[in-house]
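Structural features, examined
The chain contents come next:
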Amino acid sequence: MSERRAWGIGLSTIADGGTVLDAWFPQPALGSAPADPDTTALAASATADPRRAVRAEVVVVDIDLDAAPVSTADAYLRLHVLSHCLVKPNEVNLEGVFAHLPNVAWTNAGPVHPDDLVRLRPQLQAAGIQVQGLDKFPRLTDYVVPAGVRIADASRVRLGAHLAPGTTVMHEGFVNFNAGTLGSSMVEGRISQGVVVGEGSDIGGGASIMGTLSGGGTHRVSIGARTLLGANAGIGISLGDDCIVEAGLYVTAGSKIVLADQPVRADGSRPTVKGAELSGQNGILFRRNSLSGAVEAVRRDGVGVTLNEALHA
């Protein structure tokens, strides 16, 4: 192919006022759509739900992954190919995606237009339909059930998250769209938009990884293999393989870091660098000196962390 493409047959939910609320693609695929795609499997589900003032329609969407999204169904197909692990985070163009994702009232019966909630509330309550969220992005598991993955709290993983088999997301773990894991990983902290975590790494409880949606930065943070981000720690730089950031330590690109295993200079000090200079390097322990309070980096040998094989099988 001269260009990277993806396609899918799906069901799109449309509010009575005409707003497209979402699109579900059970089996998205890479490549171009066939000339005459078979839509009969989903045709029986293309019905109306007057309780939510919506109807479902079958859609066939074919997109250029390198072009920006142009519609709601287009945007949803991009999120689906990420969550089906057909592409990795940052491998699909999501420029302007927010403009094509309407704010939706997500219920246990499906999406509802927020402007219709007050009018529909009596019949929704009578049918036992409850609003679970108000957002542009739905829960991952309402659209995709990734193979070999554990998610303790489905509300904390958005559609568009890329979770490789063997990933465990604990109750306080969070994974944003266009972010996720490339192999077996433990996620007890926050994986922000654009961040990828390598095989065998552990994001500790309360830990935070700076994403690409805030702060005006352009660096895409990544974490290598067998790396540990300690509880309540955080990073704004990339970590290579076999690294450790001690609990409670936040390392950013501008952090002043003492190279604690380097020779002492004539003035009694050791070399100091900014965090950005260590970004992406392998085998580093980041720690805070308990006496001086200085952030230190020490080179380390061997494997970083080893996950519980039974837990991630």
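As the structure is a prediction and not an experimental result, all values here were calculated from the model.

Comments concerning helix α2 (residues 72–83)
With 12 residues, α2 should reach 16 Å at 1.5 Å per residue; the first-to-last C-alpha distance of 17 Å fits that figure. The buried fraction of α2 is high, at 12 of 12 residues. Turning to α2, its buried residues are T72, A73, D74, A75, Y76, L77, R78, L79, H80, V81, L82 and S83. Residues of α2 that are buried sit in contact with β1 (5–15), β2 (20–24), β5 (54–64), β6 (104–107) and β10 (161–162). Residue S71 occupies the N-cap position of α2, its side-chain oxygen lying 3.1 Å from the main-chain nitrogen of D74. Backbone geometry just downstream of α2 places C85 in the positive-phi region, at approximately 60°.

Digging into the sheet that holds strand β23 (residues 250–251)
Hydrogen bonds between backbone groups are what pair the strands of a sheet, and the pairing can be parallel or antiparallel. Taken together, the 5 strands give an open sheet; going across it, the order is β12-β15-β18-β21-β23, and neighbouring strands pair in parallel fashion. Whereas interior strands pair on both sides, the edge strands pair on one side only; in this sheet they are β12 (174–175) and β23. Looking at chain direction, β12 and strand β15 (residues 190–191) are connected through 2 bridges and run parallel. Bridge pairing in β15 places F174 opposite R190.

Here's the deal with helix α3 (residues 117–126)
Residues L117, L120 and L124 constitute the buried set of α3. Buried residues in α3, looked at end-on, bunch into an arc of 75°, giving them a common side. Exposed side chains of α3 directed beyond 90 degrees from the buried face belong to V118, R119, P122, Q125 and A126. Taken together, the buried residues of α3 touch β6, β7 (110–112) and β8 (131–135). Just past α3, the residue G128 takes up positive phi, approximately 75°.

How each quantity is defined
- Residues numbered from 1 in each chain as written.
- Predicted model: local features only at pLDDT ≥ 70, side-chain atom pairs only at ≥ 80, totals over all residues.
- Heavy atoms only, no water.
- Helix = DSSP H or I, 4+ residues; strand = E, 2+ residues; numbered from the N terminus.
- Expected span 1.5 Å × (residues − 1).
- Buried < 20%, exposed > 50% of the residue type's maximum accessible area, 1.4 Å probe, protein only.
- Contact = heavy atoms within 4.5 Å.
- Polar contact = N/O pair within 3.5 Å; in protein donor to acceptor, adjacent residues only side chain to side chain.
- Pairing = 2+ DSSP bridges.
- Arc of directions from axis to C-beta.

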